[in-house]
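Read off the chains here:
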Amino acid sequence: ADFDCAEGYIDKRSKLIRANINAKLPGTDSDLNFMISGLPACVAGTCSPARNVNPDVFISTGTIFENGQATTSVIDHIPNAIQVTCSIGTTLGEKQEHSGSVDLISTGAATGGIAGTDF
């Protein structure tokens, strides 16, 4: 906690972890990036509930598989909400004359986080 405060990772006034920063690890692991995303803070012991979100607000940040092949993606920040889309090509009919895709979409959100009160 002292290290995080000294490095400016925690706001001393609010005692909340600062968001959208690269909190690199000290020592031999200092070459590793540790990106912190913003989360809604707990207020009076209560975390902000999940909210409805328009699907258009999600930004595509990575692809795991494309056309059956694994891809490499680098995501700068861990999102506080994520939407995973799985698209499966399908065909049907005696001569496979009907084709299209089936999309499965799953969405999840994280609750708030606070650094603690012993600073």
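For clarity, every value in this text was computed on a predicted model and none was experimentally measured.

About the thresholds
Residues numbered from 1 in each chain as written. Predicted model: local features only at pLDDT ≥ 70, side-chain atom pairs only at ≥ 80, totals over all residues. Heavy atoms only, no water. Helix = DSSP H or I, 4+ residues; strand = E, 2+ residues; numbered from the N terminus. Buried < 20%, exposed > 50% of the residue type's maximum accessible area, 1.4 Å probe, protein only. Contact = heavy atoms within 4.5 Å. Areas by Shrake-Rupley, 256 points an atom, 1.4 Å probe, with all protein chains shown as cover. Phe/Tyr/Trp six-rings, centres within 6.5 Å; stacked < 30°, edge-to-face > 60°. pLDDT = per-residue confidence, 0-100. Patch = residues over 30% accessible without salt bridge, like charges linked within 9 Å, V, L, I, M, F, W, Y side chains within 5 Å. Salt bridge = Lys/Arg side-chain N within 4 Å of Asp/Glu carboxyl O.

**Quick look at the overall build of the chain**
Part 1 of the argument: Check the secondary structure of the chain and you find one helix and six strands.
Part 2 of the argument: When the helices and strands of the chain are read in sequence order from the N terminus, they spell out α-β-β-β-β-β-β.
Part 3 of the argument: In the chain, buried positions account for 8% of the 119 residues.
Part 4 of the argument: For the chain, long-range pairs separated by at least 24 residues make up 39% of all intrachain contacts whose partners lie at least 6 apart in sequence.
Part 5 of the argument: When the accessible surface of the chain is totalled, it reaches about 9,600 Å², and 53% of it is carbon and sulfur.

**Details of the packing of aromatic side chains**
Part 1 of the argument: What the rule picks out here adds up to one aromatic pair.
Part 2 of the argument: When the centroid spacing of 6.3 Å and the interplanar angle of 65° are considered together, the rings of Phe3 and Tyr9 count as edge-to-face.
Part 3 of the argument: With relative accessibility at 10%, the residue Tyr9 sits in the buried group.

**As for the environment of Thr107**
Part 1 of the argument: Within the secondary structure, Thr107 is located in strand 6 (residues 98–109).
Part 2 of the argument: It is 6.3 Å that separates the C-alpha atoms of Thr107 and Val84, two residues lying 23 residues apart in sequence.
Part 3 of the argument: Setting aside residues up to four positions removed in sequence, Thr107 forms contacts with Phe58, Ile82 and Gln83.

**Concerning the confidence of the model for the chain**
Part 1 of the argument: When pLDDT is averaged along the chain, the result is 75, and 76% of the positions lie at 70 or above.
Part 2 of the argument: Element-level mean pLDDT values for the chain span from 76 in strand 2 (residues 35–36) up to 84 in helix 1 (residues 2–6).
Part 3 of the argument: Note that residues 112–119 has pLDDT below 50 and, in this model, 20 contacts with residues that lie over four places away or in other chains.

**Description of a nonpolar patch on the surface**
Part 1 of the argument: A contiguous nonpolar patch, built from Leu25, Leu32 and Phe34 and spanning about 260 Å² of accessible area, is present on the exposed surface.
Part 2 of the argument: The residue Leu32 is located in the loop between strand 1 (21–22) and strand 2 in this model.

**A short note on the environment of Asn20**
Part 1 of the argument: When you line up the elements, Asn20 lands in the loop between helix 1 and strand 1.
Part 2 of the argument: For Asn20, a relative accessible area of 57% translates into the label exposed.

**Considerations on unusual backbone geometry**
Part 1 of the argument: The residue Gln96 is not glycine, and still its phi comes out positive at about 55°.
Part 2 of the argument: Tracing the backbone shows Gln96 in the loop between strand 5 (81–92) and strand 6.

**Things to note about the environment of His98**
Part 1 of the argument: Within the fold, His98 resides in strand 6.
Part 2 of the argument: For His98, the contacting residues outside a window of four places in its chain are Thr90, Thr91 and Leu92.

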